Amino acid sequence: MREIVIISGKGGTGKTSLTGAFAHLAANKVVCDLDVDAPDLHLLLRPVREREERFLSGYEARIDGERCTGCGVCASLCRFDAIREGERGYTVDPIRCEGCKVCVAFCPAEAIRFELRHCGHWYVSSTRFGPMVHAQLFPGAENSGRLVMVLKQQARELATAKGLDLVLCDGAPGIGCPVISSLSGTHLAVAVTEPTPSGRHDLERVADLCRHFQVAFAVIINKHDLNQDEASRIEAYCRERDYPVLARLPHDPIITRAMIQGLVVTELPEAAFSRELTSTWARIEALMNGIG
Amino acid sequence: MIVSVASGKGGTGKTTVAASLATIWDRPLVAVDLDVEEPNLHLFLRPNLEESEAAHMEVPVVDASRCTFCGACSELCQFKAICAMGKLILTFPEMCHGCGGCIALCPEKALSPGTRELGEINRGRAGTIGFLMGRLRVGEAMSPPFMRLVKAKLNEMIAQSARDAIIDAPPGVSCPAVNAVIDTDLILLVTEPTPFGFYDFRLAWEAFSPLGKPMGAVVNRAGLGTDDLYRFCRDKGLPILTEIPFDRAIAEAYARGRVIAEVSPRLKETFVSLRDEIRDLAERSRPGEAAHA
Amino acid sequence: MRKIAVTSEGPGLDDRVDPRFGRTAGFVIVDLETMETRYIDNGRSQIMAQGAGIQAAQLIVQAGAECLLTGYVGPKAFQALTAVGIQIVQDLDGMTVREALERFKSGSVRVADGPNREGGK
């Protein structure tokens, strides 16, 4: 069973739109949306939820107003500026609370409870392209990557149970915890970039990240016609580092048109863009077979 | 005044708007890049970087000669950054969140503060605009501890010489994004009217509304999508402070690293009026004003 | 070598080895001389946002294990276990706990000198 993650470094390069199309083109797979902060793949795949689970992770402190004596030790120790004085003693701001337990440990009145935090939900669903595992963190929740690991585990178990040989993941932007977790156990990371200064800058950082974690890396240059010179510079960078460039795709409003209709672009087969994506996916498959 | 420029979805134009606003701002200003995982603001403002420092956070260091292996530190640590394993105290500095609890708790004073490098903070100027950015070390998992250090630096800079600040926030709505906007005076939410843009914009609205700050929307690539976004803003009473039309010429200028407020007089005017709208919104939202209304 | 910890999907010798260490369902602790077994549930590690591997390492240390049989171990847990001298045998998933113990007793396994997995959470 293989796992591919589509990542981007920079947001807005077309990662999710392309992942949606690959979900259409790939056979025998489980699709997994690992962008748990701002997931969008479901807008294209329109999953029907079959299973819903709460995601509990970490803890948060809550001061019992009845027991609080107003001594303020908690506020003086809190490194995260999460404890403020109110009319009836002190209160913890759950948005700022880091869940470190220092206030709980030091409160002389033992007035602070430490409770499991409900951070979001995850789902196992069915779509017109097969099974999908996805999630939504509550806004403002910690995004340690733990939920990403839960989703990957579920996707792998589902693939094994159904005899499917691929887990195809839509990754998150950036290079932090969630992206690092996305890369764990992955066979191939495909980075979607765009020929802009930010696109190239962020591509290099995410490439370094994959190198750091020894994950095979390939690149798709999207919207290449916005700046062909920059696109060529990106290709030169990839050649230097031996990163396969899987495609140079044009900036095409058909992506947005498909999105508005709740479709992936390959469901509009008459589009030239769709044909390019079909060849791109074939190249990804060939690359995966080569990775062994 | 500190304005943060945020968005739910990445790639909607946060950095574009932050850079353009900074170049037409008519008062003393610091432009700050708090997207420490993928900082891009410097690519557009092209600052002269005058100062660069490694930023560290505090992590525990064990003095084995004083340790009695009582295990209190291990018992407290929620992050497994310090743990008692048999007759050893092991530390995993990369897991540490810097809460200081173990050091404060140790009955033998066997723990002292050591440091761990998180990334680099750069300071400089782009013309008359002050500039500050943080660049997280690749492989470093958490942004918020590092973001706090950059924010502390900003406060130092403003204390030295009072200025406005425009903050380019990271994308998304989880803790890094919340961290960037939470101590600012006004949040600008940049979005695009596509289905992805609208969905993530709603998440951003849900994440940031509880913070109780004045919020305004900027619609980028207007014309490339549906009306849902506008209806939502109307329903929620969220003012749309300006729109930037979808225009391939703008996209190409951006792809060449240009600040789009400099592309045409019309675009410059768009950002000048955005600046004025921001100030009006800030005025209207002051507690005194609400009492009058 | 007397006390062995095996990551397990259930409490018995005929349950399957759980391939994970940090997030394993639980541990079967076996006394090799008497073949007595004890089961330790690992639920407390599973709920953690981070550091589950280290938590699990602490659990088996407290249980007095001298050797660990499992599928894979991440680098931090590996470091923690090695620091206290616990020997680690990896790649023993795909079989029952009993079968893993037989392999160990027959001497046909290799003690790991490095983690066979990159870290998760």
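Note that this is a predicted model, so its numbers are computed, not measured.

(A) Here's a closer look at helix H1 (residues 14-24) of chain B. The element H1 of chain B is extensively covered by neighbouring structure, given that 10 of its 11 residues are classed as buried. Residues of H1 of chain B that are buried include every one of Lys 14, Thr 15, Thr 16, Val 17, Ala 18, Ala 19, Ser 20, Leu 21, Ala 22 and Thr 23 of chain B, and no others.

(B) Structural detail: the packing of H1 of chain B against helix H10 (residues 265-284) of chain B. Residue and element names in this part refer to chain B. Across the interface, H1 lies against H10 with an axial gap of 9 Å and an inter-helix angle of 85°. In terms of axis orientation, H1 runs roughly perpendicular to H10. Side by side, H1 and H10 meet where Ser 20, Leu 21 and Ile 24 of the first sit next to Lys 268, Phe 271, Val 272, Leu 274 and Arg 275 of the second. Taken together, the residues of the contact of H1 with H10 sort by class into five nonpolar, one polar and two charged.

(C) Spatial organisation of the sheet that holds strand S6 (residues 111-126) of chain B. Residue and element names in this part refer to chain B. Strand order across the open sheet formed by nine strands is S3-S6-S7-S2-S8-S1-S9-S10-S11, with mixed pairing between neighbours. Looking at strand neighbours, the two that pair on one side only are strand S3 (48-62) and strand S11 (240-245), the edges of this open sheet. Across the sheet, the mean angle from the axis of one strand to that of its neighbour is 20°, orientation sign disregarded. Judged from the four bridges that link them, strand S1 (residues 2-6) and strand S8 (residues 164-168) form a sheet pairing that is parallel. Along S8, the bridge assignment pairs Val 3 with Ile 166. Seen against the sheet, H1 touches S1, strand S2 (29-33), strand S7 (129-136), S8, strand S9 (186-191) and strand S10 (215-222) and runs at an angle of roughly 160° to S8. Contacts between H10 and the sheet are confined to S1, S9, S10 and S11, with S11 contributing the most and set at about 165° to the helix.

(D) Region of interest: the sheet that holds strand S4 (residues 67-69) of chain C. All names here are of chain C. Pairing is mixed in the open sheet, where five strands are placed in the order S3-S2-S1-S4-S5. Of all the strands in the sheet, just strand S3 (36-41) and strand S5 (87-89) have a single pairing partner and so form its edges. Each strand of the sheet is rotated relative to its neighbour by a mean of 20°, with strand direction disregarded. For strand S1 (residues 3-8) and strand S2 (residues 26-31), the ladder comprises six bridges, and the chain directions are antiparallel.

The rules we used
- By convention here, each chain's residues receive numbers from 1 onward along its written sequence.
- The naming scheme follows written order: chains are lettered A onward, ligands numbered 1 onward.
- Given that the model is predicted, a residue must reach a pLDDT of at least 70 before its local features are reported, and side-chain atom pairs must reach 80 or more before they are shown or counted; all residues, however, enter totals for whole chains, interfaces and linings.
- Residues with at least 20 neighbouring C-beta atoms inside 10 Å of their own are called buried, those with 12 or fewer are called exposed, and the rest are partly exposed, where every C-beta is derived from the backbone.
- What counts as a helix is a DSSP run of H or I of at least four residues, what counts as a strand is a run of E of at least two, and both are numbered from the N terminus.
- Lines are fitted to the C-alpha atoms to define the axes, a helix being fitted only along its stretch in contact, and any angle between axes, read from their N-to-C directions, falls within 0 to 180 degrees.
- Angular relationships are summarised with four words: roughly parallel below 35 degrees, roughly antiparallel beyond 145, roughly perpendicular across 65 to 115, and oblique for the angles in between.
- A pair of residues counts as a contact when their C-beta atoms, built from backbone coordinates, are within 7 Å of each other.
- Any residue that is not Ala, Val, Leu, Ile, Met, Phe, Trp, Tyr, Cys, Pro, Asp, Glu, Lys or Arg is counted as polar, Gly included; the first ten are nonpolar and the last four charged.
- Paired strands are those between which DSSP finds at least two bridges.

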